[in-house]
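Coordinates in review
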Amino acid sequence: MASLSPVLTQSSSVLVDHAQGSWIYDASGEAYLDFSTGIGVTSTGHCHPRVVAAAREQVGKVIHAQATTVRHQPMFDFIGELSKVLPESLDSLFFSNSGSEAVESAIRLARMATGRPNIIAFQGGFHGRTMAAASVTSAGLHVRSGFGPLMGGVHFAPYPNAFRYGWSVDQTVEFCLDQLDFIFHTQTMPKETAAFLIEPVQGDGGYVRTPPAFLKGLRELADEHGIMLIFDEVQAGAGKTGRFWSHQLADGVTPDIMTMAKGIASGFPISAIAAPTAIMETAWPGSQGGTYGGNAVCAAAGAETLRVIADEHLVDNAGTRGEALGRLLAPLEDRFAEVGQARGVGVMRALEFVTPDGRPAPETAKAVLKAAEREHLLVLTCGPYGNVVRAVPALNVSAEEIELGAERLTAAVESVLGAPTATSAPEVVAVPA
């Protein structure tokens, strides 16, 4: 009998039976508060009734209408909804299936648009597992190792993670921008550089917000040298940061090409790149395509997801609930020396664990992950060293669920690191049946 690859392991031992909203239920009926959301995918919660209804209706009409063979209305509906939230200049879209495919398409487009070969990516960035996407990823060697050589023409620049360097944000930004100038003099000339590729908020790299000053600096360098600026919004996009796109945290900075996936369709596999028509039309004929890209059911789910996000004011909810989660987790940084930093923006929140001498502590993070599962809370680890625990609730998470999640994650940290003396008993929040 065939079985799953032994390399494909799960972060929890849960065998899901069904899920609703922020809750996953196993085969025995046990309820788990889901602060993993399929790695930031189930943006409107599990099985939002409107998204389910839209997908169910489309399944009864047409499931697969191959987008380069025929046209179908769900894809145009999706484009219409995306047009309401995209920067005005990004008026042309190409659909594919996954974040990795979107990144591959963005790299291909940038090289075609500029006629240049090289890409500058940033340390700690995660962009996918396919060949080109893995080649620009440095969030961990597990993505890059064992199948080289990888795609050529990729250069990595320092990423402005002030916590990693131990400097102020301003010092870190100045250093990293200066290093880009050094790269232009030592690795790739500006006239040979097609694109900068960066996550405005790093995902698998540790939930680190890119300082707005750095994004503005990249925009200025890109404009000065005719370089494409690509923002990877696959994980941080679709409302998680309290803005629809995470780059909007840096007011006035717009990319030339943007990738999106994950939360744009509540769990259905669809992704896209967006660019100005003048850039998109530089793509060579036949360079954009794919059997399942823009699938009708996925597009219908995506269009309804965006309507739900708008109608239920979920971007604002993510900002409010995320700030509350940040406030509830922040004391852990003061209470435990092993919590090097509690950080995040919107509903993207993280705890970075370190040893007493300040080095990464991946075993602690792994232990907290398992302790959280025992508390019936699902979270994830990330970071180049695997020493970060990340929580990413759905956009429609409730205030009560945020409090319960923070309580359970705090209990997990205490069970691993030892609890300081409690001053009062925590309020008990009921688990839904």
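What comes next is a walk through the structure. (Residues numbered from 1 in each chain as written. Predicted model: local features only at pLDDT ≥ 70, side-chain atom pairs only at ≥ 80, totals over all residues. Heavy atoms only, no water.)

A closer look at the pattern of salt bridges
- Counted under the stated rule, the structure contains 13 salt bridges.
- Residue D204 pairs with R390 through a salt bridge whose shortest N-O separation is 3.2 Å. Linking D204 in the loop between β8 (201-202) and β9 (208-209) with R390 in strand β17 (residues 388-391), this pair joins segments that are 186 residues apart in sequence.
- Residue R390 is classed as buried on the basis of its relative accessible area, which comes to 4%. (Salt bridge = Lys/Arg side-chain N within 4 Å of Asp/Glu carboxyl O. Helix = DSSP H or I, 4+ residues; strand = E, 2+ residues; numbered from the N terminus. Buried < 20%, exposed > 50% of the residue type's maximum accessible area, 1.4 Å probe, protein only.)

What about the sheet that holds strand β11 (residues 257-260)?
- The mixed open sheet is built from seven strands, whose spatial order is β4-β12-β11-β10-β7-β5-β6. Because the sheet does not close on itself, it has two edges, and the strands there are β4 (92-96) and β6 (154-157). Across the sheet, the mean angle from the axis of one strand to that of its neighbour is 20°, orientation sign disregarded.
- Pairing of strand β5 (residues 118-122) with β6 involves four bridges; the strand directions are parallel. For I120, the partnering residue across the bridge sits in β6 and is H155. (Pairing = 2+ DSSP bridges. Axes fitted to C-alpha atoms, helices over the stretch in contact; angles between N-to-C directions.)

Here's the deal with the packing of helix α12 (residues 314-329) against helix α15 (residues 399-417)
- Viewed as axis vectors pointing N to C, α12 and α15 meet at an angle of 25°, and their least axial separation amounts to 10 Å. Considering their axes alone, α12 and α15 lie roughly parallel with respect to each other. Handedness of the α12/α15 crossing: right-handed. Note on element contacts: α15 touches α12 through A399, I402, E403, A406, L409 and T410, opposite R321, A324, L325, L328 and L329. (Parallel < 35°, antiparallel > 145°, perpendicular 65-115°, else oblique. Left-handed = near helix turned anticlockwise from the far one by under 90°. Contact = heavy atoms within 4.5 Å.)

Notes on the environment of R71
- Following the sequence through the fold, R71 ends up in the loop between α2 (49-59) and α3 (73-83).
- For R71, a relative accessible area of 71% corresponds to the exposed category.
- For the pair R71 and G294, spaced 223 residues apart in sequence, the C-alpha separation works out to 9.9 Å.

A closer look at the packing of aromatic side chains
- Evaluated as defined, the whole model comprises seven aromatic pairs.
- Geometrically, the ring pair formed by F244 and W245 is edge-to-face, given 4.9 Å between the ring centres and 70° between the ring planes. The two residues F244 and W245 agree in class, both being buried.
- Members of the aromatic cluster, connected to one another through ring pairs, are Y165, W167 and F175.
- Between the NZ or CZ atom of R164 and the centre of the ring of Y165, over which it lies, the distance is 5.1 Å. (Phe/Tyr/Trp six-rings, centres within 6.5 Å; stacked < 30°, edge-to-face > 60°. Lys NZ or Arg CZ within 6 Å of the ring centre and 35° of its normal.)

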